[in-house]
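Results of the structural survey
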Amino acid sequence: MTSTSIPPAELTVLSPHDGTPVGTLPCAGADEVRDAVATARAAALDWARTSPEERGRWVRAAADALADHAEEVAGLNTRETGKLPQEALGGVMAGVGTLHQYAELGPVHRGHSLRGHALASDYTVVEPRGVVAAITPWNDPVAVAAGLLGAALVTGNTVVHKPSERCPHTGARLGEILAGVLPEGVLVTVTGGPETGQILTEQAGLDVLAHVGSTATGVAIAHAALSTGAHVIRENGGNDPLVVDDDVDPVWAAEQAAIGAFTNAGQICTSVERVYVHRAIAEPFLEALAAEARRRNADQALAPLVDRRMREAVHAHVLHALEHGATALAGGTIPEGPGSHYPATVLSGCTEDLPVMTEETFGPVAPVRIVDSFEEGLRWAAGGRYGLAATVLTGRIAHAQRAIAELPAGTVKVNNVFGGAPGGAAQPRRASGAGFGYGPELLDEMTQVKVVHVEMPPTP
(Lines give C-alpha, C1' and ligand atoms only; values in the text may rest on other atoms or scores of the structure.)
Protein backbone atom coordinates (compact mmCIF):
# COMPACT_ATOMS: atom_id res chain seq x y z
CA MET A 1 0.00 0.00 0.00
CA THR A 2 1.40 3.42 -0.90
CA SER A 3 0.33 6.86 0.18
CA THR A 4 -1.90 8.64 -2.31
CA SER A 5 -2.66 11.83 -0.38
CA ILE A 6 -0.52 14.61 1.03
CA PRO A 7 -1.64 15.76 4.49
CA PRO A 8 -3.02 19.28 4.73
CA ALA A 9 -0.87 21.80 6.53
CA GLU A 10 -3.24 22.22 9.47
CA LEU A 11 -6.02 20.50 11.35
CA THR A 12 -8.85 22.62 12.77
CA VAL A 13 -11.33 21.28 15.32
CA LEU A 14 -14.78 22.78 15.88
CA SER A 15 -16.73 22.43 19.11
CA PRO A 16 -19.54 19.88 18.85
CA HIS A 17 -21.43 21.97 21.42
CA ASP A 18 -21.79 25.13 19.34
CA GLY A 19 -19.58 24.85 16.26
CA THR A 20 -17.03 27.42 17.40
CA PRO A 21 -13.32 26.77 16.73
CA VAL A 22 -11.44 24.86 19.42
CA GLY A 23 -8.03 25.33 17.84
CA THR A 24 -5.66 24.43 15.04
CA LEU A 25 -2.67 22.09 15.02
CA PRO A 26 -0.16 21.23 12.30
CA CYS A 27 -0.49 17.95 10.41
CA ALA A 28 2.62 15.81 10.32
CA GLY A 29 3.77 15.06 6.79
CA ALA A 30 6.02 12.32 5.47
CA ASP A 31 9.24 13.89 6.75
CA GLU A 32 7.86 14.50 10.24
CA VAL A 33 6.49 10.96 10.46
CA ARG A 34 9.80 9.45 9.34
CA ASP A 35 11.64 11.59 11.89
CA ALA A 36 9.27 10.47 14.64
CA VAL A 37 9.81 6.79 13.82
CA ALA A 38 13.58 7.34 13.60
CA THR A 39 13.56 9.04 17.02
CA ALA A 40 11.67 6.14 18.57
CA ARG A 41 13.97 3.64 16.84
CA ALA A 42 17.08 5.42 18.15
CA ALA A 43 15.75 5.22 21.71
CA ALA A 44 14.57 1.61 21.43
CA LEU A 45 17.78 -0.24 22.31
CA ASP A 46 18.50 1.65 25.53
CA TRP A 47 14.84 1.44 26.58
CA ALA A 48 14.76 -2.31 25.92
CA ARG A 49 17.91 -2.70 28.07
CA THR A 50 16.32 -0.78 30.93
CA SER A 51 15.24 -3.16 33.68
CA PRO A 52 11.53 -3.96 33.84
CA GLU A 53 11.40 -2.59 37.38
CA GLU A 54 12.85 0.72 36.28
CA ARG A 55 10.53 0.91 33.29
CA GLY A 56 7.66 0.37 35.69
CA ARG A 57 8.87 3.32 37.79
CA TRP A 58 8.99 5.54 34.70
CA VAL A 59 5.44 4.59 33.69
CA ARG A 60 4.23 5.14 37.26
CA ALA A 61 5.74 8.63 37.16
CA ALA A 62 3.96 9.27 33.86
CA ALA A 63 0.66 8.18 35.42
CA ASP A 64 1.19 10.56 38.33
CA ALA A 65 1.96 13.42 35.94
CA LEU A 66 -1.27 12.74 34.05
CA ALA A 67 -3.21 12.74 37.33
CA ASP A 68 -1.73 16.16 38.12
CA HIS A 69 -3.13 17.49 34.82
CA ALA A 70 -6.38 15.52 34.80
CA GLU A 71 -8.73 18.52 34.85
CA GLU A 72 -6.84 20.21 32.02
CA VAL A 73 -6.84 17.15 29.76
CA ALA A 74 -10.49 16.38 30.54
CA GLY A 75 -11.39 19.96 29.63
CA LEU A 76 -9.69 19.61 26.25
CA ASN A 77 -11.54 16.35 25.68
CA THR A 78 -14.90 17.97 26.43
CA ARG A 79 -14.19 20.91 24.13
CA GLU A 80 -13.08 18.71 21.22
CA THR A 81 -15.43 15.72 21.37
CA GLY A 82 -18.40 16.98 23.39
CA LYS A 83 -17.91 14.35 26.09
CA LEU A 84 -19.67 15.34 29.30
CA PRO A 85 -17.20 16.88 31.79
CA GLN A 86 -17.68 14.22 34.47
CA GLU A 87 -17.30 11.43 31.92
CA ALA A 88 -14.25 13.11 30.37
CA LEU A 89 -12.61 13.35 33.78
CA GLY A 90 -13.56 9.74 34.46
CA GLY A 91 -11.84 8.72 31.22
CA VAL A 92 -8.65 10.54 32.19
CA MET A 93 -8.60 8.95 35.62
CA ALA A 94 -9.25 5.55 34.04
CA GLY A 95 -6.17 6.22 31.94
CA VAL A 96 -4.20 7.03 35.09
CA GLY A 97 -5.35 3.78 36.65
CA THR A 98 -4.44 1.82 33.52
CA LEU A 99 -0.92 3.24 33.49
CA HIS A 100 -0.53 2.34 37.17
CA GLN A 101 -1.80 -1.15 36.44
CA TYR A 102 0.74 -1.73 33.68
CA ALA A 103 3.50 -0.24 35.80
CA GLU A 104 2.84 -3.08 38.24
CA LEU A 105 2.23 -5.81 35.66
CA GLY A 106 5.24 -5.08 33.46
CA PRO A 107 7.97 -6.14 35.89
CA VAL A 108 6.28 -9.49 36.57
CA HIS A 109 5.64 -10.35 32.94
CA ARG A 110 7.71 -13.49 32.49
CA GLY A 111 8.66 -16.46 30.39
CA HIS A 112 8.26 -20.16 31.19
CA SER A 113 10.52 -23.02 32.12
CA LEU A 114 10.43 -26.09 29.87
CA ARG A 115 11.01 -29.73 30.75
CA GLY A 116 14.07 -31.12 29.03
CA HIS A 117 17.20 -33.13 29.80
CA ALA A 118 18.13 -33.27 33.46
CA LEU A 119 21.51 -31.60 32.82
CA ALA A 120 20.16 -28.92 30.46
CA SER A 121 18.11 -25.79 30.93
CA ASP A 122 15.19 -24.93 28.67
CA TYR A 123 13.14 -21.79 29.11
CA THR A 124 11.56 -18.87 27.29
CA VAL A 125 12.25 -15.19 27.64
CA VAL A 126 10.02 -12.35 26.49
CA GLU A 127 11.51 -9.45 24.61
CA PRO A 128 10.08 -6.18 23.32
CA ARG A 129 9.10 -6.15 19.68
CA GLY A 130 10.72 -2.76 19.08
CA VAL A 131 8.80 0.32 17.92
CA VAL A 132 5.01 0.48 18.29
CA ALA A 133 2.72 2.76 16.30
CA ALA A 134 -0.39 3.41 18.40
CA ILE A 135 -3.35 4.86 16.48
CA THR A 136 -6.11 5.74 18.90
CA PRO A 137 -9.76 6.92 18.71
CA TRP A 138 -11.66 9.99 19.86
CA ASN A 139 -14.53 8.48 21.84
CA ASP A 140 -12.44 7.75 24.97
CA PRO A 141 -9.08 9.11 23.88
CA VAL A 142 -7.12 9.11 27.12
CA ALA A 143 -8.22 5.78 28.59
CA VAL A 144 -7.74 3.88 25.33
CA ALA A 145 -4.38 5.49 24.59
CA ALA A 146 -3.15 4.83 28.12
CA GLY A 147 -3.77 1.11 27.66
CA LEU A 148 -1.77 0.80 24.45
CA LEU A 149 0.98 3.18 25.54
CA GLY A 150 1.31 1.69 29.01
CA ALA A 151 1.53 -1.92 27.81
CA ALA A 152 4.01 -1.02 25.09
CA LEU A 153 6.29 1.02 27.34
CA VAL A 154 6.52 -1.34 30.31
CA THR A 155 7.48 -4.23 28.03
CA GLY A 156 10.39 -2.23 26.62
CA ASN A 157 8.97 -0.88 23.37
CA THR A 158 9.17 2.72 22.25
CA VAL A 159 6.05 4.32 20.80
CA VAL A 160 4.92 6.70 18.09
CA HIS A 161 1.39 7.80 19.00
CA LYS A 162 -1.05 9.21 16.46
CA PRO A 163 -4.25 10.40 18.21
CA SER A 164 -7.51 10.87 16.35
CA GLU A 165 -7.87 13.96 14.19
CA ARG A 166 -11.13 14.61 16.05
CA CYS A 167 -9.28 15.27 19.32
CA PRO A 168 -5.72 16.24 18.36
CA HIS A 169 -5.31 18.81 21.15
CA THR A 170 -6.20 16.17 23.75
CA GLY A 171 -3.77 13.70 22.20
CA ALA A 172 -0.97 16.23 21.81
CA ARG A 173 -1.29 17.41 25.42
CA LEU A 174 -1.38 13.81 26.65
CA GLY A 175 1.84 13.18 24.75
CA GLU A 176 3.50 16.29 26.21
CA ILE A 177 2.62 15.29 29.76
CA LEU A 178 3.77 11.68 29.47
CA ALA A 179 6.88 12.36 27.38
CA GLY A 180 7.82 15.11 29.81
CA VAL A 181 8.68 12.56 32.48
CA LEU A 182 9.83 9.65 30.28
CA PRO A 183 13.33 9.26 28.78
CA GLU A 184 13.83 11.19 25.57
CA GLY A 185 12.52 9.49 22.43
CA VAL A 186 10.60 6.77 24.24
CA LEU A 187 7.23 8.33 23.37
CA VAL A 188 6.71 10.56 20.31
CA THR A 189 3.35 12.04 19.27
CA VAL A 190 2.35 13.06 15.75
CA THR A 191 -0.89 14.85 14.92
CA GLY A 192 -2.82 14.84 11.67
CA GLY A 193 -5.68 13.29 9.77
CA PRO A 194 -6.07 10.03 7.87
CA GLU A 195 -3.24 10.95 5.50
CA THR A 196 -0.79 11.20 8.39
CA GLY A 197 -2.05 7.92 9.79
CA GLN A 198 -1.57 6.19 6.45
CA ILE A 199 2.00 7.49 6.14
CA LEU A 200 2.72 6.21 9.64
CA THR A 201 1.40 2.71 9.00
CA GLU A 202 3.58 2.38 5.89
CA GLN A 203 6.85 2.97 7.74
CA ALA A 204 9.24 0.02 7.52
CA GLY A 205 10.77 0.91 10.88
CA LEU A 206 7.71 -0.17 12.86
CA ASP A 207 7.35 -3.52 14.60
CA VAL A 208 3.76 -3.22 15.88
CA LEU A 209 0.66 -1.46 14.54
CA ALA A 210 -1.86 -1.10 17.39
CA HIS A 211 -5.18 0.41 16.38
CA VAL A 212 -8.52 1.12 18.04
CA GLY A 213 -11.09 2.60 15.68
CA SER A 214 -13.23 1.86 12.67
CA THR A 215 -13.22 -1.44 10.82
CA ALA A 216 -12.39 0.25 7.51
CA THR A 217 -9.27 1.83 8.96
CA GLY A 218 -8.32 -1.39 10.71
CA VAL A 219 -8.50 -3.32 7.45
CA ALA A 220 -6.29 -0.72 5.74
CA ILE A 221 -3.76 -1.02 8.58
CA ALA A 222 -3.74 -4.80 8.32
CA HIS A 223 -3.08 -4.52 4.59
CA ALA A 224 -0.19 -2.12 5.21
CA ALA A 225 1.36 -4.61 7.65
CA LEU A 226 1.47 -7.27 4.95
CA SER A 227 4.30 -5.36 3.27
CA THR A 228 6.14 -4.14 6.38
CA GLY A 229 5.80 -7.29 8.49
CA ALA A 230 4.55 -5.39 11.53
CA HIS A 231 2.52 -7.26 14.14
CA VAL A 232 -1.08 -5.98 14.15
CA ILE A 233 -3.36 -5.49 17.15
CA ARG A 234 -6.75 -4.00 16.36
CA GLU A 235 -10.04 -3.45 18.10
CA ASN A 236 -12.47 -2.22 15.49
CA GLY A 237 -16.16 -1.65 14.93
CA GLY A 238 -18.98 -3.49 16.61
CA ASN A 239 -22.67 -4.09 16.15
CA ASP A 240 -23.32 -5.45 19.61
CA PRO A 241 -26.66 -7.19 20.23
CA LEU A 242 -28.79 -7.25 23.37
CA VAL A 243 -31.14 -10.24 23.80
CA VAL A 244 -33.99 -9.79 26.31
CA ASP A 245 -35.63 -12.97 27.62
CA ASP A 246 -39.28 -13.19 28.66
CA ASP A 247 -38.59 -13.85 32.36
CA VAL A 248 -36.93 -10.53 33.25
CA ASP A 249 -38.48 -7.31 34.54
CA PRO A 250 -39.18 -5.29 31.36
CA VAL A 251 -38.57 -1.95 33.10
CA TRP A 252 -35.16 -3.09 34.37
CA ALA A 253 -34.36 -4.51 30.94
CA ALA A 254 -35.26 -1.16 29.36
CA GLU A 255 -32.92 0.60 31.79
CA GLN A 256 -30.13 -1.74 30.74
CA ALA A 257 -30.88 -1.15 27.06
CA ALA A 258 -30.89 2.62 27.60
CA ILE A 259 -27.56 2.54 29.43
CA GLY A 260 -26.07 0.42 26.68
CA ALA A 261 -27.44 2.46 23.77
CA PHE A 262 -27.35 6.04 25.07
CA THR A 263 -24.26 6.35 27.31
CA ASN A 264 -21.77 8.79 25.76
CA ALA A 265 -24.44 9.38 23.10
CA GLY A 266 -23.91 5.82 21.88
CA GLN A 267 -20.28 6.55 20.99
CA ILE A 268 -18.73 3.53 22.70
CA CYS A 269 -17.23 0.56 20.88
CA THR A 270 -19.33 -1.83 22.97
CA SER A 271 -22.57 0.17 22.89
CA VAL A 272 -25.82 -1.74 22.42
CA GLU A 273 -26.47 -1.40 18.69
CA ARG A 274 -29.47 -3.72 18.23
CA VAL A 275 -32.08 -5.18 20.59
CA TYR A 276 -34.03 -8.45 20.35
CA VAL A 277 -36.86 -8.58 22.90
CA HIS A 278 -39.22 -11.47 23.57
CA ARG A 279 -42.77 -10.77 22.39
CA ALA A 280 -44.20 -11.66 25.81
CA ILE A 281 -42.69 -8.53 27.39
CA ALA A 282 -42.17 -6.38 24.28
CA GLU A 283 -44.96 -3.87 24.93
CA PRO A 284 -43.93 -2.81 28.47
CA PHE A 285 -40.26 -2.99 27.46
CA LEU A 286 -40.75 -0.60 24.53
CA GLU A 287 -42.85 1.76 26.65
CA ALA A 288 -40.15 1.89 29.33
CA LEU A 289 -37.31 2.25 26.80
CA ALA A 290 -39.08 5.13 25.04
CA ALA A 291 -39.63 6.78 28.43
CA GLU A 292 -35.89 6.43 29.18
CA ALA A 293 -35.08 8.12 25.88
CA ARG A 294 -37.59 10.94 26.38
CA ARG A 295 -36.28 11.58 29.89
CA ARG A 296 -32.73 11.93 28.62
CA ASN A 297 -33.86 14.24 25.85
CA ALA A 298 -35.92 16.41 28.20
CA ASP A 299 -33.08 16.65 30.71
CA GLN A 300 -30.54 17.36 27.94
CA ALA A 301 -28.48 14.61 29.54
CA LEU A 302 -26.81 13.47 26.32
CA ALA A 303 -23.49 14.74 25.06
CA PRO A 304 -23.49 15.92 21.46
CA LEU A 305 -22.11 13.66 18.78
CA VAL A 306 -18.47 14.36 18.03
CA ASP A 307 -19.23 16.40 14.90
CA ARG A 308 -21.87 17.01 12.25
CA ARG A 309 -20.37 14.41 9.94
CA MET A 310 -21.06 11.77 12.58
CA ARG A 311 -24.56 13.14 13.11
CA GLU A 312 -25.32 12.90 9.41
CA ALA A 313 -24.19 9.26 9.38
CA VAL A 314 -26.33 8.39 12.41
CA HIS A 315 -29.39 10.18 11.04
CA ALA A 316 -28.99 8.44 7.68
CA HIS A 317 -29.39 5.07 9.43
CA VAL A 318 -32.47 6.34 11.28
CA LEU A 319 -34.08 7.83 8.16
CA HIS A 320 -33.51 4.63 6.19
CA ALA A 321 -35.18 2.60 8.94
CA LEU A 322 -38.18 4.96 9.07
CA GLU A 323 -38.53 4.85 5.30
CA HIS A 324 -38.59 1.05 5.41
CA GLY A 325 -41.27 0.46 8.01
CA ALA A 326 -39.71 1.23 11.41
CA THR A 327 -41.43 3.58 13.86
CA ALA A 328 -39.70 6.18 16.05
CA LEU A 329 -41.09 5.88 19.59
CA ALA A 330 -38.70 8.64 20.72
CA GLY A 331 -36.25 10.94 18.98
CA GLY A 332 -35.40 10.43 15.34
CA THR A 333 -35.14 14.10 14.30
CA ILE A 334 -32.22 16.52 14.12
CA PRO A 335 -32.69 19.31 16.67
CA GLU A 336 -32.41 22.97 15.72
CA GLY A 337 -29.50 25.08 16.85
CA PRO A 338 -25.71 24.95 16.70
CA GLY A 339 -23.49 21.99 17.40
CA SER A 340 -24.00 18.32 16.60
CA HIS A 341 -26.59 17.17 19.13
CA TYR A 342 -28.80 14.17 18.36
CA PRO A 343 -31.65 12.87 20.54
CA ALA A 344 -31.88 9.47 22.19
CA THR A 345 -33.88 7.50 19.65
CA VAL A 346 -35.94 4.30 19.96
CA LEU A 347 -36.98 2.50 16.78
CA SER A 348 -39.55 -0.31 16.83
CA GLY A 349 -40.51 -2.64 14.01
CA CYS A 350 -36.94 -3.03 12.78
CA THR A 351 -36.02 -5.84 10.41
CA GLU A 352 -32.68 -7.49 9.81
CA ASP A 353 -32.12 -5.94 6.37
CA LEU A 354 -31.78 -2.40 7.77
CA PRO A 355 -28.30 -0.82 8.12
CA VAL A 356 -29.27 0.29 11.63
CA MET A 357 -29.38 -3.43 12.50
CA THR A 358 -26.42 -4.67 10.46
CA GLU A 359 -23.85 -1.87 10.70
CA GLU A 360 -22.32 0.19 13.48
CA THR A 361 -24.47 3.30 13.93
CA PHE A 362 -22.34 4.79 16.75
CA GLY A 363 -25.03 7.12 18.01
CA PRO A 364 -27.79 7.20 20.65
CA VAL A 365 -30.10 4.87 18.73
CA ALA A 366 -31.81 1.72 20.05
CA PRO A 367 -33.34 -0.27 17.17
CA VAL A 368 -35.64 -3.03 18.43
CA ARG A 369 -36.84 -6.25 16.83
CA ILE A 370 -39.52 -8.35 18.53
CA VAL A 371 -38.87 -12.11 18.54
CA ASP A 372 -41.07 -15.07 19.43
CA SER A 373 -38.52 -16.98 21.50
CA PHE A 374 -35.15 -16.64 23.20
CA GLU A 375 -33.76 -19.04 20.61
CA GLU A 376 -34.86 -16.76 17.78
CA GLY A 377 -33.30 -13.75 19.47
CA LEU A 378 -30.06 -15.66 19.99
CA ARG A 379 -30.04 -16.73 16.35
CA TRP A 380 -30.38 -13.15 15.10
CA ALA A 381 -27.84 -11.91 17.66
CA ALA A 382 -25.27 -14.40 16.37
CA GLY A 383 -25.58 -13.07 12.83
CA GLY A 384 -23.74 -10.26 11.12
CA ARG A 385 -20.10 -9.60 10.31
CA TYR A 386 -18.96 -8.19 13.66
CA GLY A 387 -17.88 -9.96 16.83
CA LEU A 388 -16.93 -7.46 19.52
CA ALA A 389 -19.38 -8.00 22.41
CA ALA A 390 -22.93 -9.15 23.19
CA THR A 391 -25.30 -9.06 26.16
CA VAL A 392 -28.18 -11.26 27.27
CA LEU A 393 -30.71 -10.49 29.99
CA THR A 394 -32.20 -13.68 31.41
CA GLY A 395 -32.96 -15.39 34.69
CA ARG A 396 -32.44 -18.87 33.24
CA ILE A 397 -28.99 -20.36 33.70
CA ALA A 398 -29.56 -22.68 30.75
CA HIS A 399 -30.24 -19.71 28.46
CA ALA A 400 -27.21 -17.85 29.80
CA GLN A 401 -24.97 -20.86 29.21
CA ARG A 402 -26.33 -21.34 25.71
CA ALA A 403 -25.68 -17.68 24.89
CA ILE A 404 -22.13 -17.95 26.18
CA ALA A 405 -21.53 -20.99 24.00
CA GLU A 406 -23.22 -19.76 20.82
CA LEU A 407 -22.60 -16.03 20.52
CA PRO A 408 -19.53 -15.42 18.30
CA ALA A 409 -18.20 -12.41 20.21
CA GLY A 410 -15.03 -11.64 22.11
CA THR A 411 -17.05 -10.68 25.20
CA VAL A 412 -20.42 -12.04 26.35
CA LYS A 413 -22.12 -10.28 29.26
CA VAL A 414 -25.05 -11.66 31.23
CA ASN A 415 -27.42 -9.26 33.01
CA ASN A 416 -25.16 -6.18 32.86
CA VAL A 417 -24.51 -4.33 29.59
CA PHE A 418 -21.26 -2.78 30.83
CA GLY A 419 -20.18 -5.38 33.38
CA GLY A 420 -16.59 -6.53 33.71
CA ALA A 421 -13.77 -6.96 36.21
CA PRO A 422 -10.65 -4.75 36.28
CA GLY A 423 -7.87 -6.08 34.06
CA GLY A 424 -10.23 -7.94 31.77
CA ALA A 425 -9.29 -8.59 28.17
CA ALA A 426 -10.94 -10.02 25.09
CA GLN A 427 -10.15 -11.02 21.55
CA PRO A 428 -12.43 -9.30 19.03
CA ARG A 429 -13.65 -11.55 16.25
CA ARG A 430 -14.42 -11.25 12.56
CA ALA A 431 -14.74 -7.62 11.36
CA SER A 432 -14.28 -6.34 14.91
CA GLY A 433 -10.53 -6.95 14.90
CA ALA A 434 -7.91 -9.35 16.21
CA GLY A 435 -5.57 -9.65 19.16
CA PHE A 436 -5.92 -8.74 22.82
CA GLY A 437 -6.35 -5.00 23.30
CA TYR A 438 -6.46 -4.75 27.10
CA GLY A 439 -5.47 -6.50 30.31
CA PRO A 440 -2.37 -8.57 31.07
CA GLU A 441 -2.73 -10.34 27.72
CA LEU A 442 -1.86 -7.09 25.94
CA LEU A 443 1.66 -7.50 27.35
CA ASP A 444 1.91 -10.72 25.35
CA GLU A 445 0.86 -8.88 22.19
CA MET A 446 3.60 -6.29 22.75
CA THR A 447 6.36 -8.87 23.17
CA GLN A 448 7.89 -11.79 21.31
CA VAL A 449 9.09 -15.06 22.81
CA LYS A 450 12.57 -16.51 22.52
CA VAL A 451 13.19 -20.15 23.40
CA VAL A 452 16.53 -20.83 25.07
CA HIS A 453 18.30 -24.20 25.40
CA VAL A 454 21.51 -24.46 27.48
CA GLU A 455 23.58 -27.57 28.27
CA MET A 456 27.13 -28.43 29.25
CA PRO A 457 29.76 -29.11 26.58
CA PRO A 458 31.31 -32.60 26.45
CA THR A 459 33.99 -33.30 29.05
CA PRO A 460 37.50 -33.20 27.43
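Description of the structure in this document. (Residues numbered from 1 in each chain as written. Predicted model: local features only at pLDDT ≥ 70, side-chain atom pairs only at ≥ 80, totals over all residues. Heavy atoms only, no water.)

Leu 66, Val 159, Leu 178 and Met 446 are the most contacted members of the largest nonpolar core, which totals 43 residues. Elements supplying a minimum of two residues to this core: helix 2 (52-68), helix 3 (70-81), helix 4 (85-105), strand 5 (131-135), helix 5 (141-154), helix 6 (168-179), strand 8 (208-212) and helix 15 (441-445). Residue contributions to this core peak at 10 residues, all from helix 5. Ignoring any residue separated from it by four or fewer positions in sequence, one finds Leu 66 in contact with Val 73, Val 92, Gly 95, Val 96, Leu 99, Val 142, Leu 174, Ile 177 and Leu 178. (Core = buried A, V, L, I, M, F, W, Y, C linked by side-chain atoms within 4.5 Å. Buried < 20%, exposed > 50% of the residue type's maximum accessible area, 1.4 Å probe, protein only. Helix = DSSP H or I, 4+ residues; strand = E, 2+ residues; numbered from the N terminus. Contact = heavy atoms within 4.5 Å.)

Moving on to the environment of Gly 424. Note on placement: Gly 424 falls in the loop between strand 17 (411-414) and strand 18 (429-430). Through-space distance from the C-alpha of Gly 424 to that of Leu 14 is 35 Å; in sequence the pair is 410 residues apart. Setting aside anything within four residues of it in sequence, one finds Gly 424 in contact with Tyr 438 and Gly 439.

Turning our attention to the side chain of Thr 170. By the element assignment, Thr 170 lies in helix 6. Excluding its chain neighbours within four sequence positions, the residues that come into contact with Thr 170 are Val 73, Leu 76, Asn 77, Glu 80, Pro 141 and Val 142.

This paragraph deals with the packing of helix 13 (residues 374-381) against helix 14 (residues 397-406). If you want to describe how two helices pack, look at the angle between their axes and the distance between the axes. Two numbers describe how helix 13 lies on helix 14: the axes approach to 11 Å, and their chain directions differ by 20°. One finds that helix 13 runs roughly parallel with respect to helix 14. Pair helix 13 / helix 14 crosses with right-handed handedness. On helix 14, the residues that touch Phe 374, Glu 375 and Leu 378 of helix 13 are His 399, Arg 402, Ala 403 and Glu 406. (Axes fitted to C-alpha atoms, helices over the stretch in contact; angles between N-to-C directions. Parallel < 35°, antiparallel > 145°, perpendicular 65-115°, else oblique. Left-handed = near helix turned anticlockwise from the far one by under 90°.)

Together, Leu 114, Val 449 and Val 451 give the surface a local cluster of nonpolar side chains, amounting to about 280 Å² of exposed area. If you trace the backbone, Leu 114 turns up in strand 3 (residues 113-114). (Patch = residues over 30% accessible without salt bridge, like charges linked within 9 Å, V, L, I, M, F, W, Y side chains within 5 Å. Areas by Shrake-Rupley, 256 points an atom, 1.4 Å probe, with all protein chains shown as cover. Salt bridge = Lys/Arg side-chain N within 4 Å of Asp/Glu carboxyl O.)

Moving on to the pairing of strand 16 (residues 389-393). Along strand 16, five of the five residues are buried, which leaves the element largely enclosed by surrounding structure. Side chains Ala 389, Thr 391 and Leu 393 project from strand 16 onto one buried face, and the interleaved Ala 390 and Val 392 project onto a second face that is buried too. Across three bridges, strand 10 (residues 241-244) lies against strand 16 in parallel orientation. The residue of strand 16 that forms the bridge with Leu 242 is Thr 391. (Pairing = 2+ DSSP bridges.)

With that out of the way, let us pick up the layout of surface pockets. Volume-wise, the largest pocket comes out at about 1300 Å³. Asp 140, Glu 235, Thr 270, Gly 424 and Tyr 438 are, among the 41 residues lining the largest pocket, the residues nearest its centre. Breaking the lining of the largest pocket down by element, the ones donating at least two residues are helix 4, helix 5 and strand 17. For the lining of the largest pocket, the element with the highest residue contribution is helix 4, accounting for seven residues. Across the lining of the largest pocket, the residue classes break down as 18 nonpolar, 18 polar and five charged. (1 Å grid on protein atoms, 1.4 Å probe; cavity = no way out; pocket = protein on both sides within 12 Å on 5 of 7 lines; lining within 4 Å. Points joined across faces, edges and corners; volume = space filled by probe spheres on them. Nonpolar A, V, L, I, M, F, W, Y, C, P; charged D, E, K, R; others polar.)

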